[in-house]
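# Coordinate analysis (summary)
This is what each chain is made of:
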Amino acid sequence: MSSFLELHRPGEPLLCPNPWDVGSALVLASLGFSALATTSSGFAATLGRRDGDTTPDETLSSAAAIAAAVSVPVTADLEDGYSETSDGVADTVRRALSAGLAGCSIEDWSGDQVYPLDVAAARIGAAAAAGGGDIVLTARADSHVHGFDDLGDTITRLQAFEAAGADVLYAPGLDQIDDIKRVIAAVSRPVNVLLRPGGPSVGELAAVGVARITVGGGFAFAALGALTEAALEIRDAGTTGYTRLSRIGQQAAGAAFRQ
């Protein structure tokens, strides 16, 4: 765990993009990124499903394949641990460790509501105990990404998750630099931030002490966006401007898949 955790340096954030399958992971690793984080929404899209509609077996199998394919640490998005109980969350973390993952994240969103604070903290504590110091545990406070904008509550949750044993803290949905600064000042663990449209840049996040930056499903849906634009181009205009991106993709795949 220590080598991956050591990559989390406040002010020199670990750029940790999110692959959605083995091919995208190989490309990202070949571009020099030092670690990767899986994306639940991006992976679900590969199965033609929405975020939250995959099983733990599917998620862990995909994450294990990605971890086996690259030489950099991989941390997996394990949603809420795929269980309503702390024991179930602990089992999921043990499975992640057995799958060769360097890290995993557990969120406090059940799929339709935020877990009560005491329940959420107990779940993080169970996950930390199950990891035994051998996997970097990221604890997520997901209220903001689901439209509940109470920064005070988010900070209270992150502090509770830190006390419960989380190694990294994460509140996706924050996109105001002053809010991010408040979070960082309120905790002592490394903080992960999700890049968001219109939000702070990598440089701005580094300047306030962010330790890790991820993109969530952003790259996966950018790829689907490129596919959609290409398909609409040949359908509506009958032209092949999309081949500019095709050449970039072919070159990237050719370089990555030879390694």
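Residues numbered from 1 in each chain as written. Predicted model: local features only at pLDDT ≥ 70, side-chain atom pairs only at ≥ 80, totals over all residues. Heavy atoms only, no water.

### Concerning a nonpolar patch on the surface
Among the surface-exposed residues, Leu 15, Leu 195 and Val 202 lie close enough to one another that they form a single nonpolar patch of about 190 Å² accessible area. Tracing the chain through its elements places Leu 195 in the loop between strand E7 (191–194) and helix H9 (202–207). With relative accessibility at 31%, the residue Leu 195 sits in the partly exposed group. (Patch = residues over 30% accessible without salt bridge, like charges linked within 9 Å, V, L, I, M, F, W, Y side chains within 5 Å. Areas by Shrake-Rupley, 256 points an atom, 1.4 Å probe, with all protein chains shown as cover. Salt bridge = Lys/Arg side-chain N within 4 Å of Asp/Glu carboxyl O. Helix = DSSP H or I, 4+ residues; strand = E, 2+ residues; numbered from the N terminus. Buried < 20%, exposed > 50% of the residue type's maximum accessible area, 1.4 Å probe, protein only.)

### Details of empty space enclosed by the protein
Taken as a whole and assessed by the stated rule, the structure comprises three cavities of 30 Å³ or more. Looking at the largest cavity, its volume works out to about 60 Å³. Taken together, Pro 19, Trp 20, Thr 38, Thr 39, Ser 40, Phe 43, Thr 59, Ser 62, Ala 63, Ile 66 and Asp 77 make up the lining of the largest cavity. The set of elements that each furnish at least two residues to the lining of the largest cavity consists of helix H3 (40–46) and helix H4 (56–69). It is H4 that contributes the most residues to the lining of the largest cavity, four residues altogether. Grouping the amino acids of the lining of the largest cavity by side-chain chemistry returns five nonpolar, five polar and one charged. (1 Å grid on protein atoms, 1.4 Å probe; cavity = no way out; pocket = protein on both sides within 12 Å on 5 of 7 lines; lining within 4 Å. Points joined across faces, edges and corners; volume = space filled by probe spheres on them. Nonpolar A, V, L, I, M, F, W, Y, C, P; charged D, E, K, R; others polar.)

### Focus: the sheet that holds strand E5 (residues 136–140)
Strand order in the open sheet made by the eight strands is E1-E8-E7-E6-E5-E4-E3-E2, with parallel pairing throughout. Two strands lie at the open edges of the sheet, namely strand E1 (14–15) and strand E2 (36–37), each paired on one side alone. Sheet topology places E2 next to strand E3 (residues 74–77); two bridges connect them, and they run parallel. The residue bridging Ala 37 from the neighbouring strand is Thr 75, located in E3. The strands touched by helix H6 (residues 117–131) within the sheet are strand E4 (103–107) and E5, with E5 carrying the most contacts at an inclination of about 170°. (Pairing = 2+ DSSP bridges. Contact = heavy atoms within 4.5 Å. Axes fitted to C-alpha atoms, helices over the stretch in contact; angles between N-to-C directions.)

### Some remarks on the nonpolar core
Leu 78, Leu 101, Ile 106, Leu 158 and Phe 161 are the most contacted members of the largest nonpolar core, which totals 48 residues. Look past the residues within four positions of Ile 106 in its chain and what remains in contact with it is Leu 78, Glu 79, Asp 80, Gly 81, Val 89, Val 93, Ile 124, Ala 127, Leu 137, Thr 138, Ala 139 and Arg 140. By size, the runner-up hydrophobic cluster in this structure holds eight residues, among which are Leu 14, Cys 16, Ala 35 and Val 168. (Core = buried A, V, L, I, M, F, W, Y, C linked by side-chain atoms within 4.5 Å.)

### Observations regarding the packing of aromatic side chains
When we look at a pair of aromatic rings, we describe it by the centre distance and by the angle of the planes. Enumeration over the complete set of coordinates arrives at one aromatic pair. Each ring, one from Trp 109 and one from Phe 148, has its centre 6.5 Å from the other, and the planes form 40°; the classification is tilted. Of the two residues, Trp 109 sits in the loop between E4 and H6 while Phe 148 sits in the loop between E5 and helix H7 (151–164), which places them 39 residues apart along the sequence. The cationic tip of Arg 123 hangs over the ring face of Tyr 115; the distance from NZ or CZ to the ring centre is 4.0 Å. (Phe/Tyr/Trp six-rings, centres within 6.5 Å; stacked < 30°, edge-to-face > 60°. Lys NZ or Arg CZ within 6 Å of the ring centre and 35° of its normal.)

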